[in-house]
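Structural overview
Residue-level listing of the chains:
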Protein chains: 2
Amino acid sequence: MEKTLRLKTAEIEKISHLDYFNIAISVDCVIFCYHEKKLKVLLIKSDLEEFEGLYSLLGDLIRPDEDLETASYRILKDRTGMDDVYLEQVQAFGSINRHPSGRVITIAYYSLIDIKHHKLQLSHHDLHWQPVNEIKKMAFDHKLILETCLARLQQQVMDYPIVFNLLPEKFSLRQLQELYEAILGFELDRRNFRKKISIKDWLVDIEEMENDVPHRPGKLYKLKPEFKKKGLKKKSISGKQQAVS
Amino acid sequence: MEKTLRLKTAEIEKISHLDYFNIAISVDCVIFCYHEKKLKVLLIKSDLEEFEGLYSLLGDLIRPDEDLETASYRILKDRTGMDDVYLEQVQAFGSINRHPSGRVITIAYYSLIDIKHHKLQLSHHDLHWQPVNEIKKMAFDHKLILETCLARLQQQVMDYPIVFNLLPEKFSLRQLQELYEAILGFELDRRNFRKKISIKDWLVDIEEMENDVPHRPGKLYKLKPEFKKKGLKKKSISGKQQAVS
DNA sequence: AATAAATATGTACCTACAACACATTAAAAT
DNA sequence: ATTTTAATGTGTTGTAGGTACATATTTATT
């Protein structure tokens, strides 16, 4: 930041039309949902001719009056009508030629939304929920961004209670396990999964049973209220507290 | 990226002097070293009047012809003369008012360098190695950035062989443990630490002994060659492979 | 030769995880 | 009404790793 440090406001204005400011900054959102037992991502058809027929993530340039999170939430709100969701920054992507029309550095976020709570104008906007494991090619470097965000989600999913946006209020352990399998991409042992989850102490047994299943109904659970919404707590290292200052 | 998507090059030029491009992008590097049994960070005295007397991280605006990593390595090279180091992106910081002179979004990297291998012009440039646990206030939001990067380093240090840049080629297990304690901020049990490290299988016993210590000398070790330089491998989840496509 | 201080290694206990088996319940089929 | 089916719910065992803790060994110092 040294060079920037030395700039007074007047100087900033002087160079603001120079090359340094010919870099645009965007936010791209990997919006996950869970539908038909699959993990899906919200995509939009690219209308850049370079990427004809390909889909891209939802994103937009950052506006001067909004910070990064605000920009991400704006995109989410615009596209899904929802803003009460889990959202996390993953990484910045800044290869020189990642955007064919100019230099654009993008900051990737992922979020998890309940497909039932939102009203998409899917018909209007070339918007499309695509199962993640069926995606082959995407516009820009968005395939890489998607994979990076998915990997991050997979890392966090067992440690933090973040996926409950993707399920209805009340759910069975089977539903939860199927969701985890969709996210992780492999099958889990039912007994071990239940043990793992019960140790976490994230759920409340609400003393109700499934009633719409064609077999023995399972118990229904809710996420404990203290974990609702943005429930990311950092794990402590080695059981002890770290100290910075 | 929808808006960006729709831009042709000509359109980009048209709006390139508008507000959207009045955001500057920088890279800030948290450069760690290990010296006198302390974890230290390379800082530079701020000469912004708003931050008189405070230090800031080393950073610079990103140039149009370089990607994010290149910019980080440039800063490292300029400031320390070294480019053969571990470097990792941590997070972007983009609060609206984080920079008093204008809108600057910054992408934070951290790196680990061996203080003995570099030639700083400490006297010239107001550069200064500051122990991390003695830092109280910094310019901009750099205290937050530092803490975020330190937390990331602390997360990774036990899982990946990344800290060996900070030690001489040959080192004893005691030296290594002291380094870990400096990074983590708390003491470790000697016997358990040695066990943990030996399980990792990162080190080679080079059949030499310390000879400059005023007590019983310990064995010396080297990092296995396959982990030299940038040795970050992602751990698999739950022992199985993930699949995206 | 005795002392001090650090190295080097080992044990016991507990927790977590993976692989695996069996009894129970409710719906569906006979 | 009884049997069958398919899922739920709960164990057990073996293994690996983590934490707490003790003892013997080696070198320099006194």
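Residue numbers restart at each chain and count upward from 1, following the sequence in its written direction. Think of it this way: whatever chain is written first is A, whatever ligand is written first is 1, and the rest follow in order. Confidence filtering applies because this is a predicted model: local features only for residues at pLDDT of at least 70, side-chain atom pairs given and counted only at 80 or more, and all residues used for totals across whole chains, interfaces and linings. Remark: hydrogens and water are excluded; side-chain values derive from all non-hydrogen atoms of the structure.

1. A short note on the sheet that holds strand 10 (residues 219-223) of chain B
All names here are of chain B. Formally: Pairing between strands requires that DSSP locate at least two bridges from one strand to the other. For the purposes of this entry, the term helix denotes a DSSP run of H or I that reaches at least four residues, the term strand denotes a run of E that reaches at least two, and both are numbered from the N terminus.
Taken together, three strands build an open sheet; the order of strands is 8-10-9 and the sheet is antiparallel. Pairing within the sheet leaves two strands with one partner each, and these edge strands are strand 8 (171-172) and strand 9 (203-209). Examined bridge by bridge, strand 9 and strand 10 share five bridges and lie antiparallel to one another. Within the sheet, the bridge partner assigned to Met-209 lies in strand 10 and is Lys-219.

2. Looking at the protein's contact with DNA strand C
Formally: Whether a residue is near a molecule or strand is decided by its heavy atoms; if any one of them lies within 4 Å of it, the residue is near. Definition of a polar contact: a pair of N or O atoms within 3.5 Å, with one able to donate and the other able to accept a hydrogen when the atoms are protein atoms, and with sequence-neighbouring residues admitted only if both atoms are side-chain atoms. Throughout, the ten residues Ala, Val, Leu, Ile, Met, Phe, Trp, Tyr, Cys and Pro are labelled nonpolar, Asp, Glu, Lys and Arg are labelled charged, and all others, Gly among them, are labelled polar.
Neighbouring residues of DNA strand C: 18 residues in total, closest Arg-191 and Arg-216 of chain A together with Arg-191, Arg-194 and Arg-216 of chain B. Of what DNA strand C places within 4 Å of the protein, 45% of the atoms are sugar or phosphate. Between a base oxygen of DNA strand C and a side-chain N or O atom of Lys-195 of chain B, the distance comes to 3.0 Å. Separating a sugar or linking oxygen of DNA strand C from a side-chain N or O atom of His-215 of chain B is a distance of 3.4 Å. At the level of secondary structure, the elements contributing two or more residues to the surface near DNA strand C comprise helix 6 (190-200) of chain A together with helix 6 (190-200) of chain B. Looking at the surface near DNA strand C residue by residue, the classes come out as one nonpolar, five polar and twelve charged.

3. Comments concerning the protein's contact with DNA strand D
DNA strand D sits among 18 residues. The nearest are Arg-191, Arg-194 and Arg-216 of chain A together with Arg-191 and Arg-216 of chain B. Take the atoms of DNA strand D that sit within 4 Å of the protein: sugar and phosphate atoms are 49% of them. Here a phosphate oxygen of DNA strand D and a side-chain polar atom of Arg-174 of chain A are 2.7 Å apart. Separating a base nitrogen of DNA strand D from a side-chain N or O atom of Asn-192 of chain B is a distance of 2.9 Å. Every element with two or more residues in the surface near DNA strand D is listed here: helix 6 of chain A together with helix 6 of chain B. Taken together, the residues of the surface near DNA strand D sort by class into one nonpolar, five polar and twelve charged.

4. Here's the deal with the pairing of strand 2 (residues 38-45) of chain A
Residue and element names in this part refer to chain A. The criterion, for reference: Relative accessibility thresholds used throughout: buried, under 20% of the residue-type maximum; exposed, over 50%; partly exposed, between the two (1.4 Å probe, protein chains only).
Of all eight residues making up strand 2, six are buried, and the element is well covered by its neighbours. Inspection of the sheet shows strand 1 (residues 24-35) paired to strand 2 by four bridges, in the antiparallel sense. In the sheet register, Tyr-34 faces strand 2, and the bridge partner there is Leu-39. Between the end of strand 1 and the start of strand 2, which pair antiparallel, lie two residues, with Glu-36 showing a positive phi angle near 55 degrees.

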